[in-house]
Amino acid sequence: MTIQENWALSTARIEEYLQGLGEVREIAASRYQVGGCEILLQPAAESRVGSYSFPRTLVSFSGEAEAVTRFHRQFMIRFLTLGG
């Protein structure tokens, strides 16, 4: 199973989050693994709204369906809250 999303977050901010989780390990540059889920981070072109610009990162979650669903949910909760 693969879920691919374009987030208005910098790659560095997502990597900081992933590296702070004890269960996640970095397997290559911008590639992480947690259980049966692999996360790939790809910087994308910034988006602009008027004079504001926003970083963009293409985030891919792939692997076993249950593991992908579980970690994707955790990721969404983290970055869709005010503390994200």
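Residues numbered from 1 in each chain as written. Predicted model: local features only at pLDDT ≥ 70, side-chain atom pairs only at ≥ 80, totals over all residues. Heavy atoms only, no water.

Enquirer: Honestly, the environment of Trp 7 in this entry has me stumped. Any pointers?
Expert: Relative to the elements of secondary structure, Trp 7 occurs in strand S1 (residues 2-7). Each C-alpha atom of the pair Trp 7 and Thr 57 lies 5.3 Å from the other, and the pair is 50 residues apart in sequence. Each residue touching Trp 7, except ones within four places of it in the same chain, is listed here: Pro 55, Arg 56, Thr 57, Val 59, Phe 75, Met 76, Phe 79 and Leu 80. (Helix = DSSP H or I, 4+ residues; strand = E, 2+ residues; numbered from the N terminus. Contact = heavy atoms within 4.5 Å.)

Enquirer: Would you take a moment to explain the packing of aromatic side chains for this structure?
Expert: Two aromatic rings are characterised by how far apart their centres lie and by the angle between their planes. This structure, assessed with the given rule, holds seven aromatic pairs. Here Tyr 17 and Phe 79 contribute two aromatic rings whose centre-to-centre distance is 5.2 Å and whose plane-to-plane angle is 80 degrees, an arrangement assigned as edge-to-face. With Tyr 17 in helix H1 (residues 11-19) and Phe 79 in helix H2 (residues 65-79), this pair connects stretches of sequence that are 62 residues apart. Take Tyr 17: its relative accessible area is 12%, and that puts it in the buried class. A relative accessible area of 9% places Phe 79 in the buried class. Ring plane angle 50 degrees and centroid distance 6.3 Å describe the contact between Phe 61 and Phe 71, whose orientation is recorded as tilted. (Phe/Tyr/Trp six-rings, centres within 6.5 Å; stacked < 30°, edge-to-face > 60°. Buried < 20%, exposed > 50% of the residue type's maximum accessible area, 1.4 Å probe, protein only.)

Enquirer: Before we go on, may I ask you to explain the side chain of Ser 60 in this structure?
Expert: Considering the arrangement of structural elements, one finds Ser 60 in strand S5 (residues 52-63). The class for Ser 60 is buried, based on a relative accessible area of 9%. Within polar-contact distance, the side chain of Ser 60 engages the side chain of Gln 4 at 3.0 Å. When residues no more than four places from it in sequence are discounted, the contact partners of Ser 60 are Ile 3, Gln 4, Glu 38, Ile 39, Leu 40 and Gln 42. (Polar contact = N/O pair within 3.5 Å; in protein donor to acceptor, adjacent residues only side chain to side chain.)

Enquirer: Honestly, the sheet that holds strand S4 (residues 37-49) in this entry has me stumped. Any pointers?
Expert: Taking strand neighbours across the sheet as the criterion, the five strands line up as S1-S5-S4-S3-S2 in an open arrangement whose pairing is antiparallel. The open sheet has two edge strands, S1 and strand S2 (25-28), and neither has a second partner. Between one strand axis and the next, the sheet turns by 30 degrees as a mean value, whatever way the strands run. Pairing analysis gives six bridges linking S1 to S5, with the strands arranged antiparallel. Each residue of the ladder has a partner; that of Gln 4, found in S5, is Ser 60. Along the sheet, H2 contacts S1, strand S3 (31-34), S4 and S5; its crossing angle with S5, the most-contacted strand, is approximately 160 degrees. (Pairing = 2+ DSSP bridges. Axes fitted to C-alpha atoms, helices over the stretch in contact; angles between N-to-C directions.)

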